[in-house]
Amino acid sequence: MGERAVLHVTGRVLVGPEDVRDELWVVDGRVTFDRPALARDVRTVAGWALPGLVDAHCHVGLDAHGAVDEATSEKQAVADRDAGTLLIRDAGSPADTRWIDDREDLPRIVRAGRHIARTRRYIRNYAHEIEPELLAEYTAREARRGDGWVKLVGDWIDRDRGDLAPCWPREALEAAIAAAHAQGARVTAHCFAEDSLPDLVAAGIDCVEHATGLTEDLLPLFAARGVAIVPTLVNIATFPRLAAGGEGKFPAWAAHLRRLHERRYATVGAAYEAGVPVYVGTDAGGSLPHGLVAEEVAELVRAGLPPAAALSAASWGARAWLGRPGLEEGAPADLVVYAEDPRADVRVLADPQAVVLRGRVV
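Residues numbered from 1 in each chain as written. Predicted model: local features only at pLDDT ≥ 70, side-chain atom pairs only at ≥ 80, totals over all residues. Heavy atoms only, no water.

## Some words on the overall build of the protein chain
- Secondary structure summary: the protein chain contains 12 helices and 20 strands in total.
- Taken along the three principal axes of its C-alpha coordinates, the protein chain extends 70 × 40 × 35 Å.
- Evaluated residue by residue, the protein chain yields a buried proportion of 58% over its 362 residues.
- Within the protein chain, contacts between residues separated by at least 24 positions form 66% of all contacts whose residues are at least 6 apart in sequence.
- Accessible surface, the protein chain as shown: approximately 14,500 Å² in total, 48% of it carbon and sulfur.
- Taken as two groups, the 41 positive and 54 negative side-chain charges of the protein chain have centres that lie 2 Å from each other. (Helix = DSSP H or I, 4+ residues; strand = E, 2+ residues; numbered from the N terminus. Buried < 20%, exposed > 50% of the residue type's maximum accessible area, 1.4 Å probe, protein only. Contact = heavy atoms within 4.5 Å. Areas by Shrake-Rupley, 256 points an atom, 1.4 Å probe, with all protein chains shown as cover. Lys, Arg positive; Asp, Glu negative; His and termini not counted. Charge placed at Lys NZ, Arg CZ, Asp CG, Glu CD.)

## Thoughts on helix α8 (residues 251-262)
- Taking 1.5 Å of rise per residue, the 12 residues of α8 would be expected to cover 16 Å, and the 17 Å separating its terminal C-alpha atoms lies within 8% of that figure.
- In this structure, the buried residues of α8 make contact with β13 (155-158), β14 (163-166), α6 (233-236), α7 (239-246) and α9 (264-273). (Expected span 1.5 Å × (residues − 1).)

## Let's talk about the packing of aromatic side chains
- Across all of its chains, the model carries 6 aromatic pairs by this definition.
- Through pairs of rings, three or more aromatic residues link up here, namely Tyr122, Tyr126, Trp156, Phe192 and Phe239.
- Between Arg89 and the ring centre of Trp149, over which it is positioned, the NZ or CZ distance is 4.6 Å.
- Positioned over the ring face of Tyr265 is Arg264, at 4.3 Å from the centre of the ring. (Phe/Tyr/Trp six-rings, centres within 6.5 Å; stacked < 30°, edge-to-face > 60°. Lys NZ or Arg CZ within 6 Å of the ring centre and 35° of its normal.)

What follows is the structure, encoded as structure tokens:
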């Protein structure tokens, strides 16, 4: 870990997609665009600088079996940090990761508390598993525990039906989302299928995770209400494997997953074209490793987002959406430096030259 001193970032500083500066300085861990007087022990980093990247769907403290210990959580956070992810929206975890906030060498986390799911309708050991009459109560509780977000499980396989199905009636969703909003929290929901989305949007949902079931008729409503999506395309890539493993017992579910996978790029591209806000998230921490943010940005480009829009979905735009600063005067110095312009080729994100967190080169 480097000593906190004066850091001089030169080259091209991407304050915004069109706001490009020649340099910035880091003094006492914060950004300034004014050359400090009597600067000593100046360290210089040259290249193309971006605000620290954002993974808006990530799970620190979680693996495929549930909560993990602090040592494992630390390794997860370090993997994200070293990939340039310096701001995480933790989209549900049963582990208490508040201790990370006291570590200057680990990313900042915006928590959504623990998942809230229907009884026996989600991954074991992940969620509060409840019935609809308790949804508002648990949503209000997680709103108080989180950092301005609550995570619902909107749909999952219904074993009697043999396919994906909504988890909650609309009236329960309306009461729950209203309870979260009364606490000043936003609500997001895991959704793979089509038929869970109309009730969630009508109930006032703020964001949908995965959103593989988003259909053309819902796009204007999502756009008009500003409902964001976090597609997690690196996770959706696992659908064929999941389908192969479950088609013997649940053939309808397996066929459904394959259809959703086949149209994944068209779904995301159409959402972007319709004006739906799209943000980068990897779904790391369940079955996926951490540190995949560059791969997810590249996936958004494959889905049809212009490179600048995909980049914004992991940097300027994502930070504004989460209410966190970018490279602004006086802001904490969280930034990543690359050898080439990531606006020209987002694959540059896979090879950060320097990661600066809280003003320290890590």
